[in-house]
Each structure stands twice: as structure tokens, then as C-alpha cells.
Amino acid sequence: MTHLFDTDAIDNMPQRFRANFINSLSGYKSANLIGTCDANRNTNLAIVSSVFHVGANPPLMGMLMRPHSVTRDTLSNIKEQGVYTINAVPVSMFEQAHQTSARYTPQQSEFDHCGFTPCWHGDFTAPFVAESPMRVALRVEDIQRLDANNTELVIGRIEQVWVDNNAVEDDGTVDISQLSLTCVSGLDTYHKVIPIAKMAYAKPDKMPTPIKLFNSDQ
């Protein structure tokens, strides 16, 4: 039986209960490690689930960051250096990825303390995660502060994508099910990804048609 949680009920929830409740409403989200460094190449790594597609031409991805009311090394590095990386979390390393949310000091690199290996590609000046099966390099296109709650929207232009070519389908889709990636719900619950079907382009005069069905028992 469904239950109504209205404005009064939400406002009167204990702080941590409300945070968990509201965060879980948006469902499954991709788990990503954001790689940055400062001017001295001190590296930083942080898990973020608020990454989303913005546009394909130009190729843009967005990311919401919590209010900068306290020191947040990831956002500070992004603003200072103008570049960062988004690294998908493999299922085999979700525990280490979660550990990056601990409050390490700016002098303590999450790469070192959480068991990840930084790697550098060409002259791009932000670190990638060597263990990630899908790594994206971005340069800051825009940063906006949202008046609604003082979160900051970071929009980056994609400059590099590192992914197994076998996972890229003929139509350009990256079949992330081949990459054994982790997704997350709420603040701290991790999941494996199991695909159901790939659907044909929807048209108003035609019933929806699967063009590829996956084994739901895999």
C-alpha cells in the first residue's frame, strides 16, 4: 500500500532520514570517480553519482556538486585547473570507490588511501583511474551556482574517451553491460547492472519494438 509523504512530513523528517529518503527517490544512478589535481599535481579522487548527459554536439556532460560551504577539494581543483576526469566504477572495486567519500585532507590522496592507480594520458593535466573500464577527460565549459540550494552545476566538454572498442556498438552506443560497472541508489547502496532490452526508435504510429533482448538471468 502506498503512503503519502507530504511537505509537512518531509520537513519534519530527521535530517539523516530525509537525506536518505530524498536521495533514493531518483533511483539508480551511475557511480563515478572524479579525478582532479591541484597546481602541484597533488591528486584527488571523489565518488559522485550526479553525472548526466547534457548534449552530443558539442559533447557535454554535467555534474552537480554540493554547496561549497566547506572545503571541497574536487570542486576547488576543477575551478583552479579547469580540467577533470570521470571514471566509471567497476563492480569489483565498489568498496574502494565508496571509501573515497571519507574526509581525507588535501595532502592525502584518495588514490593512495583507497587503492586506485592514477594514470595520465598525453598532455591532459588531470589524473585518470587506471582500473576504470571507461574513462572520460573533460574541460570546464561552464559552472553555475543554483540559487535553489547553492549547489554548483559543472558542465564539461568531453576531450577524450577511453573504453574498450568492442563495447562500442555499430550505432555508436556504448554497451556498458559489457564493462561490469557499478550503479548506486541513495547515498550508499551499490548495484550491478543487468540489461533487459534495447529498444527501436519510438514512433507514434508503431508499437514499441525491442531490437535486442538480453538474458535477464545473467
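Residues numbered from 1 in each chain as written. Predicted model: local features only at pLDDT ≥ 70, side-chain atom pairs only at ≥ 80, totals over all residues. Heavy atoms only, no water.

(A) Expanded view of the overall build of the protein chain. Summing up its helical and strand segments, the protein chain has five helices and 14 strands in all. In terms of overall size, the protein chain behaves like a compact globule, its C-alpha atoms giving a radius of gyration of 19 Å where 218 residues would be expected to give roughly 17 Å. The principal-axis extent of the C-alpha atoms belonging to the protein chain is close to 55 × 50 × 35 Å. Within the protein chain, buried positions represent 36% of all 218 residues. (Helix = DSSP H or I, 4+ residues; strand = E, 2+ residues; numbered from the N terminus. Rg over C-alpha atoms; globule rule 2.2 N^0.38 Å. Buried < 20%, exposed > 50% of the residue type's maximum accessible area, 1.4 Å probe, protein only.)

(B) Broad picture of the pairing of strand S5 (residues 59-65). The element S5 is extensively covered by neighbouring structure, given that five of its seven residues are classed as buried. Counted along the chain from strand S4 (residues 51-56) to the antiparallel partner S5, the turn is two residues long. Relative to strand S10 (residues 152-163), S5 runs antiparallel, the two being bridged by six bridges. Each residue of the ladder has a partner; that of Gly62, found in S10, is Ile155. (Pairing = 2+ DSSP bridges.)

(C) Structural detail: the pattern of salt bridges. Under the counting rule described, the total for this entry stands at six salt bridges. A salt bridge links Arg145 to Asp147, with the shortest nitrogen-to-oxygen separation between them at 3.5 Å. Look at the salt bridges and you will find they share partners, linking Glu169, Asp171 and Lys198 into a network. (Salt bridge = Lys/Arg side-chain N within 4 Å of Asp/Glu carboxyl O.)

(D) Geometry of the sheet that holds S4. Strand order in this open sheet of seven strands is S3-S2-S6-S9-S10-S5-S4, and the pairing throughout is antiparallel. At either margin of the open sheet sits one strand with a lone partner, and together these are strand S3 (43-48) and S4. With direction set aside, neighbouring strand axes in the sheet form an average angle of 35°. When strand S2 (residues 32-37) meets S3, the two strands line up antiparallel, connected through six bridges. (Axes fitted to C-alpha atoms, helices over the stretch in contact; angles between N-to-C directions.)

These results come straight from atomic positions and should not be treated as a statement about function.
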